[in-house]
Amino acid sequence: MDPDGKIRYAVVGAGSLAQTAVLPAFRNAHNSRLSTIVSGDDEKREELAGRYGLRRTWSYEQFDECMRSGEVDAVYITLPNHLHRLYTERAANAGIHVLCEKPMAPNESDCRRMIDAARTAGVKLMAAYRLHFEQANLEAIKICESGRLGDLRIFHSVFTQQVEEGNVRLTQDVEHGGGPLFDMGVYCINAARYLFRDEPVELSAFRGNIGSRRFQVTEEMDSVILRFPEDRLANFTVSFGAASASRYTVVGTKGVLLADPAYDYSKDLRLRTSIGDDSSETIFPVRDQFGPEILYFSDCILNDREPEPSGEEGLIDVQIIRAAYRASDLGRPVPIEAAHRKRRPEPAQEIDCPALKKPDLVNARMPKKKEE
């Protein structure tokens with residue numbers, strides 16, 4: 001740690017997410033310090049080092065040297081999905097703790113290797129599920145557990161955006177963790193799991209493609225139906241080729257909960273409940289959702305606690321995504337053999353950090369295509 005007792009981070013990758021949300025979030029993380037950035041772009045490193053007052057930065061070729069420098073305690077990995085395992089293993093082998101963006105990896109094998117590497121090295125591994133610390137989604141958990149909606153029966157979600165041609169999300173195939181299921185479906189799957197407080201046992205899936213040249217490598221959209229114990233059903237559709245939507249609905253035997261928007265980090269979030277003749281709506285003003293992740297992970301390191309969400313949480317969602325691709329290819333339902341989580345996000349995990357101004361991007365673009 002640095003002399004102030006803060007956990008020193010290297011942010012690995014300097015794309016739009018890192019620049020827009022992760023790097024600014026260190027202003028809200030009082031127990032953490034942005035120590036350096038790892039990027040293959042010289043201009044990014046120079047500009048961002050000046051912006052955040054960094055003494056030095058590192059290229060990808062210098063990553064192992066960075067890990068051995070004595071200047072880093074933890075990494076926040078924001079690289080493309082297929083690189084998560086490689087950089088997690090290299091960091092763990094150097095005794096560095098790992099906070100890794102979701103989805104954790106393109107396949108179950110990579111996830112397990114990441115978990116094993118962290119366990120063997122005795123370092124912490126956390127999957128970056130920002131909504132596990134976010135007020136609106138934790139309030140949704142509280143409502144679903146309260147019994148006010150009755151027995152929960154249905155989860156339905158739509159998460160879509162128009163992704164601009166040439167964006168990295170459209171250039172990575174499934175084996176590299178590309179496509180809307182990995183990029184957006186992971187939110188819907190995770191939400192169904194933390195709201196139902198259970199794991200699915202079977203799923204069906206369907207794939208769609210409008211034929212646009214944008215979707216030669218990845219599919220345009222996917223729709224998935226998950227069957228949970230007690231015959232509860234969760235379904236969702238994700239797309240890289242539809243107007244922006246970010247919502248889920250939970251239907252119980254007594255009432256309905258709507259979160260719209262549900263998954264965004266740059267907008268106010270809203271919850272609406274309808275129970276009998278009574279309806280209410282709560283608006284949750286936009287907050288920094290990345291500072292809480294960093295605060296929480298640093299606290300786990302400082303106090304030697306296992307994080308929730310752990311690597312196992314990331315593994316289960318990847319298992320479900322891979323099962324969805326199998327079901328889509330086979331044209332029939334497939335069973336899911338995911339481990340059952342003992343720990344799930346709880347309302348007590350909420351961390352409130354004020355919203356931050358969006359900075360100008362350096363050699364990076366947001367994925368969304370401008371909608372007409």
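Here the structure is a predicted model, which means the values were calculated and not measured.

A. Structural view of the packing of aromatic side chains. Enumeration over the complete set of coordinates arrives at 12 aromatic pairs. With centroids separated by 5.9 Å and ring planes inclined at 50 degrees, the aromatic side chains of Y187 and Y263 adopt a geometry described as tilted. Of this pair, Y187 sits in helix 7 (residues 180-196) while Y263 sits in the loop between strand 11 (255-259) and strand 12 (269-275), and the two are 76 residues apart along the sequence. By the burial criterion, Y187 is buried, and Y263 matches it. In textbook terms, an aromatic cluster arises when at least three aromatic residues are bridged by ring pairs, as seen for F155, F159, Y187, Y248 and Y263. Taking NZ or CZ as reference, K102 lies 6.0 Å from the ring centre of Y129, over its face.

B. A look at the environment of D2. Mapped onto the fold, D2 is located in the segment before strand 1 (7-12). As a C-alpha pair, D2 and S35 span 33 residues in sequence and 9.6 Å in three-dimensional space. Setting aside chain neighbours within four positions, we find D2 in contact with R8 and R33.

C. Inspection of the pairing of strand 12 at higher detail. By the bridge criterion, five bridges tie strand 11 to strand 12 in an arrangement that is antiparallel. Of the residues in strand 12, the one forming a bridge with A259 is L271. Two elements, strand 12 and strand 13 (residues 278-284), share seven bridges in a ladder whose sense is antiparallel. Looking at strand 13, one finds that T273 is bridged to S280. In this antiparallel pair of consecutive strands, strand 12 and strand 13, the connection spans two residues, and G276 shows a positive phi of 65 degrees.

D. Quick peek at the sheet that holds strand 6 (residues 152-162). Taking strand neighbours across the sheet as the criterion, the nine strands line up as 13-12-11-10-6-9-8-7-14 in an open arrangement whose pairing is mixed. Here the strands that pair on one side only, and so sit at the sheet edges, are strand 13 and strand 14 (334-335). Here seven bridges tie strand 6 to strand 9 (residues 232-239), and the two strands are oriented parallel to one another. When the bridges of strand 9 are listed, H156 appears paired with N235. Contacting strand 6, strand 8 (221-228), strand 9 and strand 10 (241-252), helix 7 crosses the sheet at an angle of about 160 degrees to strand 6. The sheet strands contacting helix 9 (residues 311-330) are strand 7 (202-208), strand 8 and strand 14, and the helix crosses strand 7 at an angle near 65 degrees.

E. Structural view of the sheet that holds strand 3 (residues 74-77). Strand order in the open sheet formed by five strands is 2-1-3-4-5, with parallel pairing between adjacent strands. Each edge of the open sheet is held by one strand with a lone partner, namely strand 2 (32-38) and strand 5 (125-127). Strand-to-strand twist in this sheet, taken as the mean axis angle between neighbours without regard to direction, amounts to 20 degrees. In the sheet, strand 1 pairs with strand 2 via six bridges, with the strands oriented parallel. When the bridges of strand 2 are listed, V11 appears paired with I37.

Criteria and cut-off values
Residues numbered from 1 in each chain as written. Predicted model: local features only at pLDDT ≥ 70, side-chain atom pairs only at ≥ 80, totals over all residues. Heavy atoms only, no water. Phe/Tyr/Trp six-rings, centres within 6.5 Å; stacked < 30°, edge-to-face > 60°. Helix = DSSP H or I, 4+ residues; strand = E, 2+ residues; numbered from the N terminus. Buried < 20%, exposed > 50% of the residue type's maximum accessible area, 1.4 Å probe, protein only. Lys NZ or Arg CZ within 6 Å of the ring centre and 35° of its normal. Contact = heavy atoms within 4.5 Å. Pairing = 2+ DSSP bridges. Axes fitted to C-alpha atoms, helices over the stretch in contact; angles between N-to-C directions.

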